[in-house]
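Below are the chains, spelled out letter by letter.
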Amino acid sequence: MTSHSNENTILDDVNSPELDQKIMSQVAGDFIKVADHLKEASYQIRKRGFSENPIFVVARTMVEVGQMLFTRLDFETQFDYKASFLDEFVQRKLIGEESVELFKENFKNADEYCCLFVIEAEFAGFVFIPFPED
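This structure is a prediction, so every number in the text was calculated from the model and none was measured. (Residues numbered from 1 in each chain as written. Predicted model: local features only at pLDDT ≥ 70, side-chain atom pairs only at ≥ 80, totals over all residues. Heavy atoms only, no water.)

Right, let's get into the overall build of the protein chain. A count of helical and extended segments in the protein chain gives 4 helices and 7 strands. Seen in sequence order, the protein chain has helices and strands lined up from the N terminus as β-β-α-β-β-α-β-α-α-β-β. Within the protein chain, residue pairs in contact and separated by at least 24 positions form 57% of the contacts whose partners lie at least 6 positions apart. Surface summary for the protein chain: the accessible area is close to 7400 Å², and the carbon and sulfur share equals 49%. (Helix = DSSP H or I, 4+ residues; strand = E, 2+ residues; numbered from the N terminus. Contact = heavy atoms within 4.5 Å. Areas by Shrake-Rupley, 256 points an atom, 1.4 Å probe, with all protein chains shown as cover.)

Printed below as a string of structure tokens:
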């Protein structure tokens, strides 16, 4: 599933096709270090009723979306991580109102998968990565 900020629509694929292997490798390498923390944050966002669709913004540069969870210095990662959710993406028009139901239908089980919104250079898109099994 993909949403590009300039399109306001969601494409019907699992991960953004434009996400090249180098970026995906860097995201996956980071994810190993932070997966447990993101899983707990996802659980807390859902448990406290903020959203059933937690989204974690992953970027090297300052972005206005989400609330900072941790920076690159906290876990020696390549990216900073922010917590957000579907409503904020709709409010900021990163996901169009007409795409909300499609997004919810394609959102993977938040207990099993982490929804990342990766922002890197000219790329911005959603990636679902499975949490490591305990």
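A few words on unusual backbone geometry. In the Ramachandran plot, Glu 76 falls in the positive-phi region, its phi being about 55° despite a non-glycine side chain. Within the element layout of this structure, Glu 76 appears in the loop between α2 (72-75) and β5 (80-85). Notably, Lys 93 is not glycine yet its phi reads approximately 60°, a positive angle. Counting through the fold element by element, Lys 93 comes out in the loop between α3 (86-91) and α4 (100-106). Given the relative accessible area of 57%, Lys 93 is considered exposed. (Buried < 20%, exposed > 50% of the residue type's maximum accessible area, 1.4 Å probe, protein only.)

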